[in-house]
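Next come the chains, spelled out residue by residue.
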Amino acid sequence: MSMNQSEFVSLITPFKDKLFRLAKRILVSTEEAEDATQEVLFKLWNNKENLESYKSIEAFSMTMIKNYCLDQLKAKRSGNLKLVHDNYIDREPSLERQLEAKDAMDWVEIAINELPEQQKLIIQMRDIEEYEFEEIAKIMDMNETAIRVSLSRARKQIRAFMLKTNEHGIK
């Protein structure tokens, strides 16, 4: 069966933003995440005739974006480019930035960004994108028990970070 552009768009639209958010979580840069999302959507379009054969097109797409972004990171590292994760904390933040940083969601974002890569992805998929454990296990190529353990450890680290931040003010 041949799929036209509007059918493809209606198939992809429900989870297109999730692809971008996962790419941004991995790559940090908005521009790189947009490029990665566009590249994966292009690959999906080129493979549109076979998409309906997948049990979950969304899970397949999330796996594609995860793998594509991790490949991009590996390529950067092998090119001796240094990744800098210095998005939120300046040496002397302006008053406006200090006020913004007090927002709890900003602190949670900082805490998530300090997690190991695997835990970041699992938190993103479970707590932000609300995927089921079974779907995350397929995307991450892990068993559900390992996903649950990793998620629990990530949440404990975030909780400890938030408690430390609340007790001591700005980190």
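The structure presented is a predicted model; accordingly, all values stated were derived computationally and were not measured.

*Asks:* Outline the overall build of the protein chain, supporting the account with residue identities and numerical values.
*Replies:* Helix and strand counts for the protein chain stand at eight helices and zero strands. Seen in sequence order, the protein chain has helices and strands lined up from the N terminus as α-α-α-α-α-α-α-α. Out of the 171 residues in the protein chain, the part that is buried amounts to 34%. In the protein chain, 63% of the contacts between residues at least 6 apart in sequence involve partners at least 24 apart. Carbon and sulfur atoms form 49% of the exposed surface of the protein chain, whose accessible area is close to 10800 Å².

*Asks:* Account for the side chain of Lys-66, naming residues and giving values.
*Replies:* Residue position: Lys-66 is located in helix 3 (residues 57–78). Buried within the structure, Lys-66 lacks any salt-bridge partner; its nearest side chain of opposite charge belongs to Asp-141, at an N-O separation of 6.9 Å. Ignoring any residue separated from it by four or fewer positions in sequence, one finds Lys-66 in contact with Leu-22, Ile-26, Leu-121, Ile-139 and Met-140.

*Asks:* Describe the nonpolar core, naming the residues involved and giving the relevant values.
*Replies:* Grouped together as the largest cluster of nonpolar side chains are 45 residues, with contacts concentrated most on Leu-44, Ile-65, Met-140 and Ile-147. Going through the elements one at a time, helix 1 (5–27), helix 2 (30–46), helix 3, helix 5 (104–113), helix 6 (117–128), helix 7 (133–140) and helix 8 (144–168) are the ones with two or more residues in this core. Look past the residues within four positions of Ile-65 in its chain and what remains in contact with it is Leu-19, Leu-22, Ala-23, Ala-36, Thr-37 and Val-40.

*Asks:* Account for the pattern of salt bridges, naming residues and giving values.
*Replies:* Any two side chains of opposite charge can pair, so long as their charged atoms come close to each other. One pass over the full model with this rule turns up eight salt bridges. Between Lys-138 and Glu-134 there is a salt bridge; the shortest N-O distance is 3.7 Å. With Lys-138 and Glu-134 both in helix 7 and four residues apart, this pair spans about one turn of that helix. For Lys-138, a relative accessible area of 47% corresponds to the partly exposed category. For Glu-134, a relative accessible area of 44% corresponds to the partly exposed category. Close ionic contact of Glu-144 with Arg-148 constitutes a salt bridge, the shortest N to O distance being 3.9 Å. Taken as a pair, Glu-144 and Arg-148 lie in helix 8 at a separation of four residues, close to a single helical turn. Its relative accessible area of 33% is what places Glu-144 among the partly exposed residues. The partly exposed category is assigned to Arg-148, whose relative accessible area is 42%.

The rules behind these values
By convention here, each chain's residues receive numbers from 1 onward along its written sequence. Totals for whole chains, interfaces and linings use every residue, but because this is a predicted model, local features are given only for residues with pLDDT of at least 70 and side-chain atom pairs only at 80 or more, for both listing and counting. With hydrogens and water excluded, all non-hydrogen atoms of the structure serve as input to the side-chain values. Helical segments are the DSSP runs of H or I of at least four residues, strand segments are the runs of E of at least two, and each set is numbered from the N terminus. Think of it in three bands: residues with accessible area under 20% of the maximum for their type are buried, residues over 50% are exposed, and the middle band is partly exposed, with areas taken using a 1.4 Å probe on protein chains only. Contacts between residues were defined by any pair of non-hydrogen atoms, one from each residue, lying within 4.5 Å. Here the accessible surface of atoms and residues is derived via Shrake-Rupley with a 1.4 Å probe, and residues count as covered only by protein chains that are part of the display. Counted charges follow a simple rule, with Lys and Arg positive, Asp and Glu negative, and His plus the chain ends left uncounted. Salt-bridge detection follows one rule: a side-chain nitrogen of Lys or Arg within 4 Å of a carboxyl oxygen of Asp or Glu. The criterion is simple. A nonpolar core is a set of buried Ala, Val, Leu, Ile, Met, Phe, Trp, Tyr and Cys residues joined through side-chain atoms within 4.5 Å.

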